[in-house]
Amino acid sequence: MRSVTYSMGVSLDGYIVGPDGNFGWSEPDEELFHFVTHEIREVGVHLLGRRLYETMLYWETAGQDSALDELELEWATIWNPLPKVVFSTTLSAVQGNARLASSGLADEIERLRADPEDGDIAIGGATLAAEAAALGLVDEYRARVYPVLVGGGIPFFPQRERRVDLELVETRTFSSGVVYLRYRVAR
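None of the values given here were measured: they were computed from a predicted structure.

K.L.:
Hey, could you go over the sheet that holds strand S7 (residues 140–146) for me, with residue numbers and the actual values?
P.N.:
Strands sit in the order S5-S4-S3-S6-S1-S7-S10-S9 across an open sheet of eight strands; the sheet is mixed. The open sheet has two edge strands with one neighbour each: strand S5 (98–100) and strand S9 (166–173). On average, each strand axis in the sheet is inclined to that of its neighbour by 25°, with strand direction left out of account. In this sheet, S5 lies alongside strand S4 (residues 84–87) in parallel orientation, the contact comprising three bridges. Residue Lys-84 lies in a different strand from S5, and its bridge partner there is Ala-98.

K.L.:
Account for the side chain of Glu-140, with residues named and values stated.
P.N.:
Here Glu-140 shows up in strand S7. Judged by relative accessible area, Glu-140 falls into the buried class, the value being 4%. Separated by 2.8 Å, the side chains of Glu-140 and Arg-142 make a polar contact. Residues within four places of Glu-140 in sequence aside, it is in contact with Val-4, Thr-5, Tyr-6, Arg-182, Tyr-183 and Arg-184.

K.L.:
With reference to specific residues and values, describe helix H4 (residues 70–79).
P.N.:
Those residues of H4 lying buried are Leu-71, Trp-75, Ala-76, Ile-78 and Trp-79. Taken down its axis, H4 places every buried residue within 165° of arc, on the same side. In this structure, H4 carries Glu-70 and Thr-77 as exposed residues pointing more than 90 degrees from its buried face. Those residues of H4 that are buried lie in contact with helix H1 (30–41), strand S3 (43–49), helix H2 (50–56), helix H3 (58–62) and S4. Capping of H4 at its N-terminal end is provided by Asp-69; its side-chain oxygen lies 3.0 Å from the backbone amide nitrogen of Leu-71.

K.L.:
So what's going on with the packing of aromatic side chains? Residues and values would help.
P.N.:
Inspection of every chain in the model, using the stated rule, returns 11 aromatic pairs. With 4.5 Å between their ring centres and 15° between their planes, Tyr-6 and Phe-156 make a pair best called stacked. Taken as a pair, Tyr-6 in strand S1 (residues 4–11) and Phe-156 in the loop between strand S8 (154–155) and S9 lie far apart in primary sequence, 150 residues in all. The exposure class of Tyr-6 is buried, given its relative accessible area of 0%. Look at Phe-156 and you get buried, because its relative accessible area is 1%. Summarising the aromatic geometry, the rings of Phe-156 and Phe-157 are spaced 4.5 Å apart at their centres and angled 80° between planes, so their arrangement reads as edge-to-face. The partly exposed category is assigned to Phe-157, whose relative accessible area is 41%. Through a chain of ring-to-ring contacts, three or more aromatic side chains come together here, namely Phe-33, Tyr-58, Trp-59, Trp-75 and Trp-79. One cation-aromatic arrangement involves Lys-84 over Trp-79; the distance from NZ or CZ to the ring centre is 4.9 Å.

K.L.:
Before we move on, can you summarise the pairing of S7 with the specific residues and values?
P.N.:
For S7, a buried count of seven out of seven residues is recorded, marking the element as mostly surrounded by other parts of the structure. Along S7, one buried face is formed by Glu-140, Arg-142, Arg-144 and Tyr-146 and the opposite face, lined by Tyr-141, Ala-143 and Val-145, is buried too. In terms of strand pairing, S1 meets S7 through seven bridges, oriented parallel. Considered in S7, the bridge of Gly-9 is made with Arg-144. Relative to strand S10 (residues 179–185), S7 runs antiparallel, the two being bridged by six bridges. Residue pairing for S10: Tyr-141 is matched across the bridge by Tyr-183.

Here is what the cut-offs are and how they apply
- Residue numbers run consecutively from 1 along every chain, following the written order of its sequence.
- Per-residue local features of the predicted model are confined to residues with pLDDT of at least 70, and side-chain atom pairs are confined, for both listing and counting, to 80 or more; whole-chain, interface and lining totals are unaffected and use all residues.
- The side-chain quantities take in all heavy atoms of the structure and omit both hydrogens and water.
- Only when DSSP finds a minimum of two bridges between them are two strands counted as paired.
- Runs of E in the DSSP output that reach at least two residues are strands. Runs of H or I that reach at least four are helices, and both are numbered from the N terminus.
- To obtain an axis, a line is fitted to C-alpha atoms, over the contacting stretch when the element is a helix, and the angle between two such axes runs from 0 to 180 degrees between their N-to-C directions.
- Residue burial is assigned from relative accessible area. The probe radius is 1.4 Å, only protein chains are included, and a residue is buried under 20% of its type maximum, exposed over 50%, and partly exposed in between.
- Side-chain atoms alone can form a polar contact between residues adjacent in sequence; in general such a contact is a pair of N or O atoms within 3.5 Å, and within protein one must be able to donate a hydrogen while the other accepts it.
- We call two residues in contact when some of their heavy atoms are within 4.5 Å.
- In this context, the arc is that of the directions from the helix axis out to the C-beta atoms.
- For Phe, Tyr and Trp, where Trp contributes only its six-membered ring, two rings pair if their centres lie within 6.5 Å, and the inter-plane angle classes them as stacked under 30 degrees, edge-to-face over 60, or tilted in between.
- Only lysine NZ and arginine CZ atoms are considered, and such an atom sits over a ring when it is within 6 Å of the ring centre and within 35 degrees of the ring normal.

Encoded structure:
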């Protein structure tokens, strides 16, 4: 069965976006970019909320940008054909290899888990991940913890009333000071 993973960059104080909407502090250096590119290769389908989808739209045409370096071109080459499911109540259409979700999150994940395709089901965006977590649908949390305190904003971890026990699967420290933590939900 396909795993559902939630992987994002997060400040040490727990936010994916600061109080001013800025997330420039999470721009990866070359070492981290290689790592994230390798991680996305393991994804079979990516579920996105509207805000993250709109942020990632850049990559739909980025491959045509002659200013991109080799790493950015590699990312675009992997990202563009990757199937994406966008959850939005305000968008009427999406671009690239994306489709609007036709049912609720739990139903979409159940259908995708049953699909014989390879690769993880990745969730991007804190709001969508919070909904999946509240429903008990997230199998792994993958946090790239940046050495910065942003003081508020959109939290990586959803605020909820129930305890979730986790098993540490992998850690890695990058030369930039970013620490990767991969946890599996203990079931």
